[in-house]
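Okay, here's what each chain looks like letter by letter:
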Amino acid sequence: MTTNQSSIQHKSDIPFYRDERVLQIIAQVVSAVLIIGAVIWAIMNFLKAAEARGMTLTLGFLKEAAGFPISNPPIDYDPSMSFGRAFLVGLVNTLRVSVFGVIGATILGTLLALARLSTNWLLSRIALAYIEFHRNIPLLVLLFIWYFTVFAKLPKVQESIAWPGPVYVNLRGFYITWPRLTETSQPFVISIGIGILLAIIVYVILRRRREIAGKETHYSRISLGIVMIFPLIGWFLCTGSPLWLDVPILEGFNFRGGLRFTPEFAALFVGLTMYTAAFIAEVVRAGIQAVDRGQVEAARAVGLSTGQVLSLVVMPQALRVIIPPMISQYLNLTKNSSLALAVGFQEVFSVGKITINQAGRAVPVFALVMVTYLTMSLLTSFVLNLYNRRIQFVMR
Amino acid sequence: MAATEVVQETKRPPQPPGLLKWIRDNLFSSWGNTLLTIVLLPITVFILFSSIRWMFVGADWRVVTQFPLLYTVGQYPRDEIWRVGIGLSLIIFMLGASWGKWGGLLRSISIAFSIVFGVFALLPVQHPELDLGMRLYLGANVLLILVGYWIGRIQYLKGGHIVIGWSITPILAILFLSGFENSSTLPAVGTTLWGGLLVTFLLAAGGIVLSFPIGIALALGRRSSLPVVSAFSTIFIEAIRGVPLITILFMFSIILALFLPSESRIDRLVRSLMAVTFFSAAYSAENVRGGLQAVPHGQIEAAKAVGMSNFQTMLFITMPQALRAVLPAIVGQFISLFKDTTLVVIVGINDFLGIGRSIINSDPEFMQLQVEVYLFIAVVYWIFCYLMSLASRRLEAAMGVSSRL
Amino acid sequence: MTETTTNEVIISCKGVHKWFGDFHALRGIDMDVHKGEVIVIFGPSGSGKSTFIRTLNRLEEHQEGDIIVDGIELSHDVRNIEKIRTETGMVFQQFNLFPHLSVLKNITLAPIWVRKWPKDKAEKVAMELLERVGIPEQAQKFPGNLSGGQQQRVAIARALAMQPQIMLFDEPTSALDPEMIKEVLDVMVELAQSGMTMLVVTHEMGFARAVADRMYFFDEGLIVESGTPHDIFHNPQEDRTKLFLSQILQH
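Residues numbered from 1 in each chain as written. Chains lettered and ligands numbered in written order. Predicted model: local features only at pLDDT ≥ 70, side-chain atom pairs only at ≥ 80, totals over all residues. Heavy atoms only, no water.

1. Some thoughts on a nonpolar patch on the surface
Residues and elements named next belong to chain A. To keep it simple, the criterion reads: Patch membership is restricted to residues that have no salt bridge and whose relative accessible area is over 30%. Joining uses 9 Å for like charges and 5 Å for the nonpolar side chains Val, Leu, Ile, Met, Phe, Trp and Tyr. Working definition of accessibility: Shrake-Rupley area with a 1.4 Å probe, residue cover restricted to the visible protein chains. Whenever a carboxyl oxygen of Asp or Glu lies within 4 Å of a side-chain nitrogen of Lys or Arg, that contact is scored as a salt bridge. Helix and strand assignments follow DSSP, with helices taken as H or I runs no shorter than four residues and strands as E runs no shorter than two, numbered in order from the N terminus. Relative accessibility under 20% of the residue-type maximum defines a buried residue, over 50% an exposed one, and the middle range a partly exposed one, all with a 1.4 Å probe and only protein chains included.
Taken together, the side chains of F16, Y17, L23, I26, V30 and L34 define a hydrophobic patch exposed on the protein surface, amounting to about 630 Å² of accessible area. Residue position: L34 is located in helix α1 (residues 20-53). The exposure class of L34 is exposed, given its relative accessible area of 58%.

Written as structure tokens, this is what we have:
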């Protein structure tokens, strides 16, 4: 015990309203009560309203017949099938347009970024004009332009535009001559599979050999050869041709056969792809520019060729910067595909909307739609986090 | 050994004069470049030429020029339209006053507004909706900006007064627009009649002004040490960011009512505004959180060391630095909010895009003129978005923010 | 000064000019470097000294004059440029190590992909070089985990791995903390004594005194004065040289 004890405030002397530990607890309790209270209040209101309107909140109706058509369904569907099936068709449509869109936007966006970085002034300006145009106009306006002024203005079936292929374009869609597998095509399909697999294995092994043994192994040429030769072998192993050409034919008032894309799909796909490409172009450009100039100089100074500088030094570093925002652009594209509603393409959201109109039950249907999107988002961010963690681990 | 050499006065390598040199360096610097230019140049010229010719010869712009009021205010009753005018003038006046007080970017905005109003006031065309009264009103707004500027220059008018002015003006304007039940001078005008740019700007401005503080609150909430607060904020942010805006819009327009007491009624436009606001707030929150993470810990320690409370530290040290660091992202979010307001068309609100759609649908003849309508709409959105990004870049430059962030 | 100097000319520059836009960066540089010589180039910033050694491996293109490195003339011929780059190693002020590759892979990258060595050999050589620069234990780490001095020593090892005839150093110690300068200079001194032809842009006059065969003073894109370290330090002819030396030797 020291003499100046009286001047030191003893721990227990602090009034409770000044004790940070007590304050902390009070804050916890107050915030918990407020938030949980508000949530409970909303739920109570909801239950009351549900009871008053006799709403059912179960998903049992998904088994009932949907009764509405979906144009050009990617999987078997007709109106006598269930709401659940219709929802599945919508989901496949969402995934279909998203996958096509992601591939298209990545290719176009990368080309635009390279054009933007080109030393050719004209090319770089054209890319800039494209990017600034698309970034500053609402996607919905672009979709309307594509759909109402281009794809909804295609000629009538009788006046179809015929492109070589043959490809027929009319108001009901794009009919494309498409190779399809015959019943005796197994050897062909299997040989393609084996060819690709083998090519990858050979590529990896020979590239390793090249690295380890230091001898030129022509790994890219050899694996390319494998990919091309195996399907050929498979082709001749088949009895008869493994493929037949599904040529669209005009029958009465409609085309039959061929691969068909509806104008709605085309409008959504083109609009989404071109819009997202503008954003991806900026992502890729930023990624490439983020690689320090000194890196290129150092790589050239040790004698790497231009291609090697890009593939061994610049791209690996740029990709680390590019991939996270790129994935979030992919996610944006997927979410934006819900604007399909405006152009009449039936994907998850649009099927959900029709279901609400047909069967009521807004709440469960909405919950289903939102959970579907949330699942896609959460899966994506999970993958992204894994990637980021790996990068941080390696780079640090 | 001194190796100094007398060098002749700089002889340059042979170089063509300015323009030729520029063309050589930028269009024909190498084999590939030359080929590219030869291919691209005719295509570009052809596209530019034919679009310009279409604009002046092929296009029929009547579908745009016939309905200026429809595009700006929608179906707002024409007898009551002076109320929109008053609302706009109030804001114009505040803009002028802010220019007088602070200058900078506001100067450019004010001048741009004055020029647009002036040009329309003096437009040498006959138009039923651009009568003398309208021309006088537009001209008066130019004067109003100048009057505002002059008032803003007054010494004893403090910045605080203008902030108060800005917080009152929108409320006044909204009251003028919506009017009151049982009033003969200001009869109520339902929001179903509002439309056009008026609605687009209301949604965008309202969304920006409301979503930003909510976003800051959510960002702080997510970082809070209170588990309930941080869990709630995190779930709110991630749930909203995980779904498309259109689902939020539908939720607010269809389902929200179920979660509120049955007697409460929320206006359709307000519901849309809420949806846009919360959606944008979730994204703003993540931007702000990114900024907060970028503030070095030493800043907070320094603030605490000079005796600032937690709240003061946040208000004066952390938040300003955080917002400054992510300014480009925040403005980017405002731009996408502005573009996203078009989605209200899908829940049946006649914003600028919606009015365009209803004009097209109003007359079979106009069905053939969709290109003109949508291009006009696209150009208007483009101009505003581009101006916003331009303003953002100027703001960044003025604040010394690196645009790389 | 070093007895390894021979009479064989390995770098020969005649009337080298270089413009950046309107700025005349090199205004006629003539220089012959003999095999095994150590050249120190110094001068105020903006004098063209870095630009000059960067023209030697074509990181900068010269617009007039001739540069012949190891019997190969620098021109627009891509093959010549690549050949010269494999014969010259370069060490940068900012190290420029590849952040996405481990220290060992930084060193073996070019030997494997350009020299087409087997991986074993490349790694063996890389480990020997890491021993030589004194940090074999860092082989598996990433550049970001190393101190500046260690990074620069890795950069020297990376350049040496191609077994170059000539080493170019562009202000190798300017970005280093004072306590790390010595570890890098020690490596460079050892390298000089082993008979490597070196061109070093630096203001480390102690280093110049110890190993340089000749020194060149650059100013405004010109060689103002050149000579042995003894001449330059004790008997500079030009006023600009005297002034500059007095400024940097003050400390």
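2. Looking at the nonpolar core
Stated precisely, the cut-off is as follows: For this analysis, a nonpolar core means a set of buried residues of the types Ala, Val, Leu, Ile, Met, Phe, Trp, Tyr and Cys, connected via side-chain atoms within 4.5 Å.
Residues L304(A), I41(C), F52(C), M167(C), M198(C) and L199(C) are the most contacted members of the largest nonpolar core, which totals 251 residues. Looking at this core element by element, the count peaks at 14 residues for helix α7 (residues 263-290) of chain A. Counting residues in hydrophobic clusters, the runner-up holds 7 residues, among them I92(B), F117(B), L138(B) and I145(B).

3. A short note on the interface of chain C and chain A
Note the cut-off: Contact definition: two residues touch when any of their heavy atoms are within 4.5 Å. As a working definition, buried area equals the accessible area (1.4 Å probe) given up by two parts on being put together, with both sides summed. Polar contacts, as counted here, are pairs of nitrogen or oxygen atoms within 3.5 Å of one another; within protein the pair requires one atom able to donate a hydrogen and one able to accept it, and residues that are adjacent in sequence qualify only if both atoms are side-chain atoms. Three classes are used, and their members are as follows: Ala, Val, Leu, Ile, Met, Phe, Trp, Tyr, Cys and Pro are nonpolar, Asp, Glu, Lys and Arg are charged, and the others, Gly among them, are polar.
Facing 29 residues of chain C, the contacting portion of chain A comprises 29 residues. For the pairing of chain C and chain A, the buried interface totals around 2,700 Å² over both sides, and the portion due to carbon and sulfur atoms is 56%. When the area that chain C buries against chain A is broken down by residue, the three leading residues are R85(C), H100(C) and W113(C), summing to 27%. Put simply, chain C and chain A have 6 residue pairs in polar contact (both at pLDDT 80 or more) between them. When residues of the side of chain C that touches chain A are traced back to their parent elements, those giving at least two are α2 (78-87), β6 (88-91), α3 (103-113) and α4 (119-132) of chain C. Ranked by the residues each element gives to the side of chain C that touches chain A, the list is headed by α3(C), at 4 residues. Among the residues making up the side of chain C that touches chain A, the classes are represented as 15 nonpolar, 6 polar and 8 charged.

4. A short note on the side chain of T200(B)
Inspection of the secondary structure puts T200(B) in helix α9 (residues 196-223). The contacts of T200(B), once residues within four sequence positions are left out, are F338(B), T341(B), D351(B), F352(B) and Y381(B).

5. Some points on the side chain of Q295(A)
Mapped onto the elements of the fold, Q295(A) is located in helix α8 (residues 293-301). Looking at Q295(A), the relative accessible area reads 5%, which means it is buried. Discounting chain neighbours no more than four positions away, the residues touching Q295(A) are V313(A), Q317(A), N96(C), L97(C), F98(C) and P99(C).

6. Digging into the sheet that holds strand β5 (residues 72-73) of chain C
Pairing between the strands of a sheet comes from backbone hydrogen bonds, and it takes one of two forms, parallel or antiparallel. All names here are of chain C. Under the convention used in this document: Strand pairing follows a simple DSSP-based rule, namely that at least 2 bridges must link the two strands. Lines fitted to the C-alpha atoms define the axes, with helices restricted to the stretch that makes contact. Angles between their N-to-C directions range from 0 to 180 degrees.
Spatially, β2-β1-β4-β5 is the arrangement adopted by the 4 strands of the open sheet, whose pairing is antiparallel. Across the chains shown, the open sheet's two edge strands, defined by having one partner strand only, are β2 (23-34) and β5. Lying over the sheet, helix α1 (residues 49-56) contacts β1 (9-20), β2 and β4 (64-69), oriented at roughly 60° with respect to β2.

7. Structural notes on the pairing of β4(C)
All names here are of chain C. Here β1 runs beside β4; their pairing, made up of 5 bridges, is antiparallel. Counterpart to K14 in the pairing with β4 is D66. Both β4 and β5 contribute to a ladder of 2 bridges, which runs antiparallel. Following the sheet pairing, I68 is matched in β5 by E73. Joining the antiparallel neighbours β4 and β5 is a turn of 2 residues, in which D70 adopts a positive phi near 50°.

8. Observations concerning the packing of aromatic side chains
Two aromatic rings, taken as a pair, are described by how far apart their centres are and by the angle between their planes. Let me state the cut-off plainly: For Phe, Tyr and Trp, where Trp contributes only its six-membered ring, two rings pair if their centres lie within 6.5 Å, and the inter-plane angle classes them as stacked under 30 degrees, edge-to-face over 60, or tilted in between.
What the rule picks out here adds up to 48 aromatic pairs over all chains. Relative to F255(A), the ring of Y175(A) lies with its centre 5.2 Å away and its plane at 35°, an arrangement referred to as tilted. You can see Y175(A) sitting in strand β3 (residues 173-176) and its partner F255(A) sitting in strand β7 (residues 254-256), a full 80 residues away along the chain. Residues Y175(A) and F255(A) agree in their burial class; the two are buried. Centroid distance Y76(B) to W194(B): 6.4 Å. Interplanar angle 55°. Geometry classified as tilted.

9. Some details on the interface of chain A and chain B
Put simply, an interface is often sized by how much accessible area is lost when its parts join up. Each partner contributes residues to the interface: chain A has 50 residues there, and chain B has 54 residues. Regarding the contact of chain A and chain B, the summed buried area is about 4,500 Å², with carbon and sulfur atoms giving 75% of it. It is L122(A), N136(A) and M370(A) in chain A that bury the most area against chain B; as a group they hold 12% of the surface buried on that side. Counting across the interface, chain A meets chain B through 0 salt bridges. Between chain A and chain B we count 12 residue pairs in polar contact (both at pLDDT 80 or more) in total. Those elements giving two or more residues to the side of chain A that touches chain B turn out to be α1, α3 (121-135), α4 (139-150), α7, α10 (340-343), α11 (348-359) and α12 (362-395) of chain A.

10. Structural notes on the domain arrangement of chain A
We count it as follows: A domain assignment, automatic or from a database, supplies the domain bounds used here.
Assigned domains of chain A: these are domain 1 (3-52), domain 2 (83-138 + 261-391) and domain 3 (182-245). Between the C-alpha centres of domain 1 of chain A and domain 3 of chain A there is a distance of 68 Å.

11. Details of the pattern of salt bridges
A complete count under the given rule lists 24 salt bridges over all chains for this structure. Here E251(A) ties to R256(A) by a salt bridge, and the two come within 3.3 Å at their closest N and O atoms. Given the relative accessible area of 45%, E251(A) is considered partly exposed. Here E220(C) makes a salt bridge to R27(C), at a shortest N to O gap of 4.0 Å. A residue pair is termed long-range when its members are at least 10 positions apart, and E220(C) in the loop between β9 (214-219) and β10 (222-227) and R27(C) in strand β2 qualify at 193 residues. What makes E220(C) partly exposed here is its relative accessible area of 48%.

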